Amino acid sequence: MERLNEDLWIYILNYLPMQDQLSVASVNANIQSYVRYFWRHLKNVHLTVEVLEDFRSKKSLMSDSVPYWAGSVQNLKITRGRMQMLRNLHAFSFPHVQKLDCEMEYNLDYGDEETMLLTVLFPNLTHLTLNSSTTGYHLWRWKQLKELNLVWCEYLDTFTFEEVFKNLKLKKLKLLYYGYNVTLDSGVTDITYCTTLEELVIDDHHLLGEFLPRLVRLPNFRRLAFYTRDYYEGLLHNLAKVAPLKVRSLLFNDAFWSSERVTDAMGKMSNLRRLVFQDDDIESQLLHTVCHKLKHLEELHLLKMRDLPTPNQLWDMVGACPSLKILNLSSTKLCQQFIEPSTSYMTRVFVNRSSPLTLHLSATGLDPKRVLPAMQHTNLIISFEPIKLDIWSTRFVEVGFDPNL
């Protein structure tokens, strides 16, 4: 190892987790100098459970390592931290940390004190993910926060919300328990004091009452995603009453279950441009009815569908959507018979189209060498390239809005 030059050491250290970096630094003074040079330029640090245990068991290890990367780190992740660890870190300065992902061990006696210490340690945060026993108190102190993720913070108390959301200028907020038995009271509507909010991810049962209408009236609000078990039908029905023309996109992931009440609501969202069903069921007749009503629909994504309409039914839907630009059937298993009987029917549908349609067939099992010659048409573009969608969980609905309407 002594024969390795500095550049090679820096290359190797880029691939080593922090615990291994600490071990390498203890080999000898020469190698330690390479590691410390590397730390002085380090932007991303993950303090794992193992690293924090090493810090606890070897008292000098923290003081021999943290000062070298504290001044450069911008993104910090802490896994299962404790109050004493935060107190020990108080001896150092972290002026450039902007993103913090912090999971603290649950401690009801110190939850808010931990939050207070975090605001002192990392005063310049713009992005925070916090999993702790906090009630929400002291969160308002991070004046530069743009994105706040509070996942599994079981002891959040809405009495703190007014102060937090009147003071913060957030763009993105995530408040999730994934259906866990935590119910925030009507004080959750105080989130709407944050008039800069653009995106919210939340559990569906927190959106009941006046929260949803107040949310969609925020001047910059453009995305709502909610994990759902029971309330998606009622929420979309209410949305169709209070702001149907604002809705520009809908995405269902394992959350639709062929509901006539929801398709009736969708039919009232006449400005809808994008409709996505993934790993869902929708009856062909319901889907055709929706497409017939949505004259401005530009994208229809039917992904990993359990029961897909017949080819002729699909082309009927294309014919009912004169503005449709994308039909995405990716990740839905199709057989060659899906293509061959439909070509003549497809040709009749395209006669009346003024613009081309792109048909996406990625991961469908179809052979491009057989599909492309069989489905040639001037108004049809066939792609086997995947379209990336933000699928962050099972059983969720995502609604995109036009804040200008």
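Going by an unreviewed UniProt entry, the protein carries the name F-box domain-containing protein and comes from Drosophila ananassae.

**Regarding helix H3 (residues 29–39)**
All of the buried residues in H3 are Ile31, Tyr34, Val35, Arg36, Phe38 and Trp39. Buried residues in H3 make contact with helix H1 (6–13), helix H2 (18–25) and helix H5 (59–69). For H3, the capping residue at the N-terminal end is Asn28, with a side-chain oxygen 3.1 Å from the backbone nitrogen of Asn30.

**A look at the environment of Thr263**
Among the secondary structure elements, Thr263 is positioned in helix H11 (residues 260–267). Exposure remark for Thr263: the relative accessible area of 5% places this residue in the buried category. When the C-alpha positions of Thr263 and Leu236 are compared, they lie 9.5 Å apart, and in sequence the two are 27 residues distant. Excluding residues that lie within four positions of it along the chain, Thr263 makes contacts with Phe256, Ile282, Leu286 and Val290.

**So, the packing of helix H10 (residues 232–242) against H11**
At a minimum axis distance of 9 Å, the contact between H10 and H11 shows a crossing angle of 20 degrees. As the angle between them shows, H10 and H11 are arranged roughly parallel. Considering only the axes of H10 and H11, their crossing is left-handed. Counting all contacts with H10, which are made through Tyr232, Glu233, Gly234, Leu236, His237 and Ala240, the residues of H11 involved are Arg261, Val262 and Ala265. Of the residues belonging to the contact of H10 with H11, the class tally is five nonpolar, two polar and two charged.

**A look at unusual backbone geometry**
A positive phi angle, close to 60 degrees, is found at Arg80, a residue other than glycine. Of note, Arg80 is situated in strand E2 (residues 75–81). Located in the positive-phi region is Ala363, a residue other than glycine, with phi close to 55 degrees. Locating Ala363 in the fold gives a position in the loop between strand E13 (357–360) and helix H15 (368–374). According to the relative accessible area criterion, Ala363 is partly exposed, its value standing at 44%.

**Description of the nonpolar core**
By size, the foremost hydrophobic cluster in this structure holds 129 residues, and its most contacted members are Trp69, Phe94 and Phe252. Ignoring any residue separated from it by four or fewer positions in sequence, one finds Phe94 in contact with Val66, Trp69, Ala70, Val73, Leu89, Leu121 and Phe122.

**Re a positive patch on the surface**
Taken together, the side chains of Arg141, Lys143, Lys146, Lys169 and Lys171 present a region of like positive charge at the surface. You can see Arg141 is positioned in the loop between strand E4 (127–131) and strand E5 (147–151). A relative accessible area of 32% places Arg141 in the partly exposed class.

**What to know about the side chain of His360**
In this structure, His360 sits in strand E13. Here Glu385 takes part through its backbone oxygen, which lies 3.3 Å from a polar atom of the side chain of His360. Those residues in contact with His360 that lie beyond four places of it in its chain are Ile326, Leu327, Asn328, Leu329, Ser330, Ser383, Glu385 and Ile387.

**Some thoughts on the pattern of salt bridges**
Per the stated rule, a full pass over the model turns up 13 salt bridges. Ionic pairing is found between Glu198 and Arg222, a salt bridge with its closest N-O pair at 3.3 Å. Placement of the pair is Glu198 in the loop between strand E6 (172–176) and strand E7 (199–203) and Arg222 in the loop between helix H9 (211–216) and strand E8 (223–227), with a sequence separation of 24 residues. Here Glu199 makes a salt bridge to Arg222, at a shortest N to O gap of 2.7 Å. Of the two residues, Glu199 sits in strand E7 while Arg222 sits in the loop between H9 and E8, which places them 23 residues apart along the sequence. A relative accessible area of 8% places Glu199 in the buried class. In this structure Arg222 comes out as partly exposed when scored by relative accessible area, which is 36%. Among the ionic contacts, a cluster of salt bridges with common partners joins Glu198, Glu199, Arg222, Arg223, Arg274, Asp390 and Glu398.

Rules behind the numbers
- Residues numbered from 1 in each chain as written.
- Predicted model: local features only at pLDDT ≥ 70, side-chain atom pairs only at ≥ 80, totals over all residues.
- Heavy atoms only, no water.
- Buried < 20%, exposed > 50% of the residue type's maximum accessible area, 1.4 Å probe, protein only.
- Helix = DSSP H or I, 4+ residues; strand = E, 2+ residues; numbered from the N terminus.
- Contact = heavy atoms within 4.5 Å.
- Polar contact = N/O pair within 3.5 Å; in protein donor to acceptor, adjacent residues only side chain to side chain.
- Axes fitted to C-alpha atoms, helices over the stretch in contact; angles between N-to-C directions.
- Parallel < 35°, antiparallel > 145°, perpendicular 65-115°, else oblique.
- Left-handed = near helix turned anticlockwise from the far one by under 90°.
- Nonpolar A, V, L, I, M, F, W, Y, C, P; charged D, E, K, R; others polar.
- Core = buried A, V, L, I, M, F, W, Y, C linked by side-chain atoms within 4.5 Å.
- Patch = residues over 30% accessible without salt bridge, like charges linked within 9 Å, V, L, I, M, F, W, Y side chains within 5 Å.
- Areas by Shrake-Rupley, 256 points an atom, 1.4 Å probe, with all protein chains shown as cover.
- Salt bridge = Lys/Arg side-chain N within 4 Å of Asp/Glu carboxyl O.
- Lys, Arg positive; Asp, Glu negative; His and termini not counted.
- Charge placed at Lys NZ, Arg CZ, Asp CG, Glu CD.

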